[in-house]
Amino acid sequence: MSCAPIVAVAAICNGHKGIGKNKDLPWPFLKEDHEFYTGLCKTTKDPKKKNGIITGRVGWEGWSEEKKTDPKITTVVISKSLPKDEPHCRGVARSFEEAINMLSSGPDKDKIETIYNIGGRLNYEHSVSDVRCKKLVLTRIFQDFESDVYFPDFEHAFERVSDPEIDDRIREDPSSKIKFRFEVWVRKSDQ
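Residues numbered from 1 in each chain as written. Predicted model: local features only at pLDDT ≥ 70, side-chain atom pairs only at ≥ 80, totals over all residues. Heavy atoms only, no water.

In the annotation of an unreviewed UniProt entry, the entry for the protein reads dihydrofolate reductase, and the organism field reads Biomphalaria glabrata. The annotation that UniProt attaches to the protein under Catalytic activity (unreviewed entry) is "(6S)-5,6,7,8-tetrahydrofolate + NADP(+) = 7,8-dihydrofolate + NADPH + H(+)". Quoted verbatim from the Pathway (unreviewed entry) field of UniProt, the annotation for the protein is "Cofactor biosynthesis; tetrahydrofolate biosynthesis; 5,6,7,8-tetrahydrofolate from 7,8-dihydrofolate: step 1/1." (UniProt positions renumbered as here; feature names shortened; annotations may be inferred.)

What follows is the structure, encoded as structure tokens:
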């Protein structure tokens, strides 16, 4: 079964690749980063299509009802504890593979333009090791914050590239003074 392109998106600390602390981000809210990822995950080249989102239970539970019911996305939550019929999502999968299958089958499979994996840690590990995931879109936070969840090593399988659609200059958040950059990494051809 073929599926839409799979892209993992994450924000990571520059040094230790921290992505979470106490079920939240380890750094203060970065408005520009939030707007970038929201726009990325909701935008399609074909206006008749939408994007599939894969997220973990912790991320899903932090979403507002407005975000959960956004018509520009269809979401599969990966969880061992949520009921399979969780409201406002396409469904609850018990594994990364099941989540991909849920978004790649069914009557609306042709309406999914891109599948975005937005975490958590185990989902990112699957994306790094799964050759179907051809791209990572990362926000590199140029500061290390205390973290208890980390993005997996990926440099062995991906290389950083320039993408004309993503401005990769270093930015600074006006309130926190945190510096960050959007980066695109593509899977190496020998992977």
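Now, onward.
The next point concerns the overall build of the protein. Along the backbone of the protein there are five helices and eleven strands. Computed over C-alpha atoms, the radius of gyration of the protein comes to 16 Å, within 12% of the 16 Å expected from 2.2 N^0.38 for 191 residues, which places it in the range of a compact globule. The long-range share in the protein, meaning contacts at least 24 apart out of those at least 6 apart in sequence, stands at 66%. (Helix = DSSP H or I, 4+ residues; strand = E, 2+ residues; numbered from the N terminus. Rg over C-alpha atoms; globule rule 2.2 N^0.38 Å. Contact = heavy atoms within 4.5 Å.)

Scanning all chains against the criterion turns up eight aromatic pairs. Ring geometry for Y124 against F151: centres 4.8 Å apart, planes inclined by 50 degrees, an arrangement best described as tilted. Of this pair, Y124 sits in helix α5 (residues 121–129) while F151 sits in the loop between β8 (149–150) and β9 (158–161), placing them 27 residues apart in sequence. Overall, Y124 belongs to the buried group, its relative accessible area being 5%. (Phe/Tyr/Trp six-rings, centres within 6.5 Å; stacked < 30°, edge-to-face > 60°. Buried < 20%, exposed > 50% of the residue type's maximum accessible area, 1.4 Å probe, protein only.)

On to the environment of G119, then. Structurally, G119 is set in the loop between β6 (112–117) and α5. The residues contacting G119, other than those within four sequence positions of it, are I54, T55, G56 and Y124.

Looking at helix α4 (residues 96–104), one finds that the buried residues are F96, A99, I100, M102, L103 and S104. Residues of α4 that are buried make contact with β1 (6–13), β3 (50–56), β4 (73–78), β5 (91–93), β6 and α5. Downstream of α4 by one or two residues, G106 has phi in the positive range, about 95 degrees.

Further remarks concern the side chain of E183. Within the secondary structure layout, E183 lies in strand β11 (residues 179–187). For E183, a relative accessible area of 1% puts it in the buried group. Contacts of E183, omitting those with residues within four sequence positions, involve L136, V137, L138, R140 and R160.

This brings us to the pattern of salt bridges. Side-chain pairs of opposite charge can arise where the charged atoms are in close proximity. Counting across every chain of the model gives 19 salt bridges. We note a salt bridge from K21 to E146, for which the minimum N-O separation is 3.0 Å. Linking K21 in the loop between β2 (18–20) and α1 (31–42) with E146 in the loop between β7 (133–141) and β8, this pair joins segments that are 125 residues apart in sequence. Accessibility expressed as a relative area gives 61% for E146, which makes it exposed. With a shortest N-O distance of 2.8 Å, R169 and D167 are connected by a salt bridge. (Salt bridge = Lys/Arg side-chain N within 4 Å of Asp/Glu carboxyl O.)

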